[in-house]
Amino acid sequence: MRTIDLRSDTVTLPTEEMMEAIAQAELGDDVSREDPTVNRLEQLAADRFGKEAGLLVTSGTAGNLISVMTHCRHGDEIYCEAEAHIYYYEVGGMSAIAGVIPRLIKGRRGVYTAEQLEAHYRGREMHYPNPALVAIENTHNRAGGCCWTIKEVEEVGKAAHDRGMKVHIDGARIFNACVALGADPKDYANSVDSVTFCLSKGLSCPVGSVIVGDKEFIDRARKARKILGGGMRQAGIIAAPGIIALERMIPRLREDHDNAKLLAKGLVEQGLSIDMATVQTNIVVAETAPNKSADYISKAKRSGVLCSSFGKSLVRFVTHNGIVKEDIVDVLERLGPS
Ligand code: TLP
C-alpha cells in the first residue's frame, strides 16, 4: 500500500525538470555575488513582488529571523498574530537571536485588523520597548491556510507605518493566497517593507526561501545572513529549481486548494469538526474528539495516511504536488468514519 503523506507541503520532492536545472546550473561564489543563477533568482523574485532586491536564504525560518534582525534592534518590540509561525514555531529565534520581544494580537482566522493593531499600540514611552515591526502571516498556517486580503494588508500596513513601524510578511505560502484570491504579489508587497516566501513548500523545491525588499534593506539583510552562517557558495544549485518554481509551479497550486476542499468536506462527513471558512488554500485543520489527535494520527498511519498534530485535539492535513484527486478519494476511504 502506498503511503499518502499529507503532513506538510514541505515533503514535496523536486520535479524532474528541477533536477535537470540543478545539474545544468551555471555556478559561482554567491558570497561574492558571483553566482549567476542566484542573481537571476533574486532579481526574478524581486520583480515578481515589485521590490528592488531579493536575497536567497536557506529556509523560511532564516528568512523571518534575518528580516527581524534587519528591521529591529535588540530590545525592540514586534507585533504579530498570537499563533503566528514566527512566534509559535521558530524556536524563539526572534528573542534568542534577534533580541526582540513579541506583542501578540489575537486574530480571527489568522487575520488581525488595523483597529486591533492600533488598540495594542502603546506608544513610545520611556517604560515600553521600542515598537519597531509588525508581522503578518499570509497564508496563516495555524489558522488553516487562511488568506489576508490585499485591503487587510494595506490597512495594517498603513496603521503600522503611521506609527513609525516597519512591516514584514511571512509569506511562506503567499503564492497560495495569490492563487486563491486572484491577487498579484505586488499588491501585497506594495504596502509592506519586506516579504519572505518559501520555495520549498507548495512550489516543490528541495531547499530555500527568498526575502524581497528595497536595496538598502536587502544589503543589510545580506550581512545578517552572513553573521548567521547562511552565506552560501555555489548556491545556484538551490536557485535553479527556484527559478522553475517561480516560472511554472504557481498556477498548479489551485489543484492543491481543490483537493483540500474535497478532503475537508469528506472529513466533516466522517465526523471531524472543521470550520469550512478556513479551508481557503492547501491546509485543512480538523478537530478530533477531545484529546484524541494522537490516536487519530496513529490510526491514520496504520492505514497508510500521514497527517500531523496541531494540538491535543487538532490534526492538520496539507495537500501538495504529487497528491491528486484520486489520492484524496483513497485517503477518505482509508480513514473511514471517526
Ligand atoms: N512550517 C512548517 C512547520 O514548521 C510547521 C509546516 O510544515 O507548515 N512560516 C510559515 C507560515 C510556515 O508554515 C513555515 C514552515 C515557516 C515560516 C518556516 O519555514 P521553514 O520550514 O522553511 O523554516
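Residues numbered from 1 in each chain as written. Predicted model: local features only at pLDDT ≥ 70, side-chain atom pairs only at ≥ 80, totals over all residues. Heavy atoms only, no water.

Engineer: Any chance you could explain the nonpolar core here in plain terms?
Structural biologist: Nonpolar side chains in soluble globular proteins generally cluster together in the buried interior. Counting residues in hydrophobic clusters, the biggest one holds 56 residues, and the most contacted among them are Leu56, Val134, Phe175, Tyr188 and Phe197. Top element by residues in this core is helix α11 (residues 236-248). It accounts for 7 residues. Residues within four places of phenylalanine 175 in sequence aside, it is in contact with Phe49, Pro185, Phe197, Leu203, Leu246, Ile250 and Leu253. Counting 23 residues, the second-largest nonpolar core is a separate cluster that includes Leu272, Ala300, Cys307 and Val331. (Core = buried A, V, L, I, M, F, W, Y, C linked by side-chain atoms within 4.5 Å. Buried < 20%, exposed > 50% of the residue type's maximum accessible area, 1.4 Å probe, protein only. Helix = DSSP H or I, 4+ residues; strand = E, 2+ residues; numbered from the N terminus. Contact = heavy atoms within 4.5 Å.)

Engineer: How do you make sense of the site of the ligand when you look at a structure like this?
Structural biologist: Looking at the ligand, there are 14 residues lining it, with Ser8, Thr61, Asn141, Asp170 and Arg173 nearest. Histidine 85 places a side-chain nitrogen or oxygen 2.9 Å from an oxygen atom of the ligand. Contacts to the ligand include arginine 316, whose side-chain N or O atom sits 2.9 Å from an oxygen atom. The protein chains hide 82% of the 510 Å² of surface that the ligand would expose on its own. With respect to the detected pockets, the ligand is housed in the second largest pocket. The element best represented in the shell around the ligand is helix α3 (residues 60-71), accounting for 3 residues. Class assignment of the residues belonging to the shell around the ligand gives a composition of 1 nonpolar, 7 polar and 6 charged. (Near = heavy atom within 4 Å. Polar contact = N/O pair within 3.5 Å; in protein donor to acceptor, adjacent residues only side chain to side chain. Areas by Shrake-Rupley, 256 points an atom, 1.4 Å probe, with all protein chains shown as cover. 1 Å grid on protein atoms, 1.4 Å probe; cavity = no way out; pocket = protein on both sides within 12 Å on 5 of 7 lines; lining within 4 Å. Sits in = over half its atoms within 2 Å of the grid points. Nonpolar A, V, L, I, M, F, W, Y, C, P; charged D, E, K, R; others polar.)

Engineer: Honestly, the pattern of salt bridges in this entry has me stumped. Any pointers?
Structural biologist: Once the charged atoms of two side chains with opposite charge are near each other, the side chains can pair. The tally for this structure, following the rule as stated, stands at 19 salt bridges. Where arginine 173 meets aspartate 9, a salt bridge forms, and the shortest distance between an N and an O atom there is 2.8 Å. Here the residue arginine 173 occupies a position in the loop between β6 (166-171) and α8 (174-181), and aspartate 9 occupies one in the loop between β1 (4-5) and α1 (16-24), the gap between them amounting to 164 residues. Glutamate 83 is paired through a salt bridge with arginine 142; the nearest N and O atoms lie 2.5 Å apart. With glutamate 83 in the loop between β3 (77-81) and α4 (85-88) and arginine 142 in the loop between β5 (131-137) and α7 (150-162), the pair connects residues that are 59 residues apart, well separated along the chain. Given a relative accessible area of 27%, glutamate 83 falls into the partly exposed group. Judged by its relative accessible area of 13%, arginine 142 falls in the buried class. (Salt bridge = Lys/Arg side-chain N within 4 Å of Asp/Glu carboxyl O.)

Engineer: I would appreciate a short explanation of the sheet that holds strand β7 (residues 194-198) in the present structure.
Structural biologist: Note: strands within a sheet are paired through backbone hydrogen bonds, in either parallel or antiparallel orientation. Spatial ordering of the open sheet is given by β2-β8-β7-β6-β5-β3-β4, a layout of 7 strands whose pairing is mixed. Looking at strand neighbours, the two that pair on one side only are β2 (53-57) and β4 (101-105), the edges of this open sheet. On average, each strand axis in the sheet is inclined to that of its neighbour by 20°, with strand direction left out of account. (Pairing = 2+ DSSP bridges. Axes fitted to C-alpha atoms, helices over the stretch in contact; angles between N-to-C directions.)

Engineer: Any chance you could explain the packing of helix α12 (residues 253-269) against helix α14 (residues 325-335) here in plain terms?
Structural biologist: It is the contact of α12 with α14, at a shortest axis distance of 10 Å, that shows an interaxial angle of 20°. Considering the angle they form, α12 stands roughly parallel to α14. Handedness of the α12/α14 crossing: right-handed. Contact residues: α12 offers Asn259, Leu262, Leu263, Gly266 and Leu267, while α14 offers Lys325, Ile328, Val331, Leu332 and Leu335. In terms of residue class, the contact of α12 with α14 is made up of 7 nonpolar, 2 polar and 1 charged. (Parallel < 35°, antiparallel > 145°, perpendicular 65-115°, else oblique. Left-handed = near helix turned anticlockwise from the far one by under 90°.)

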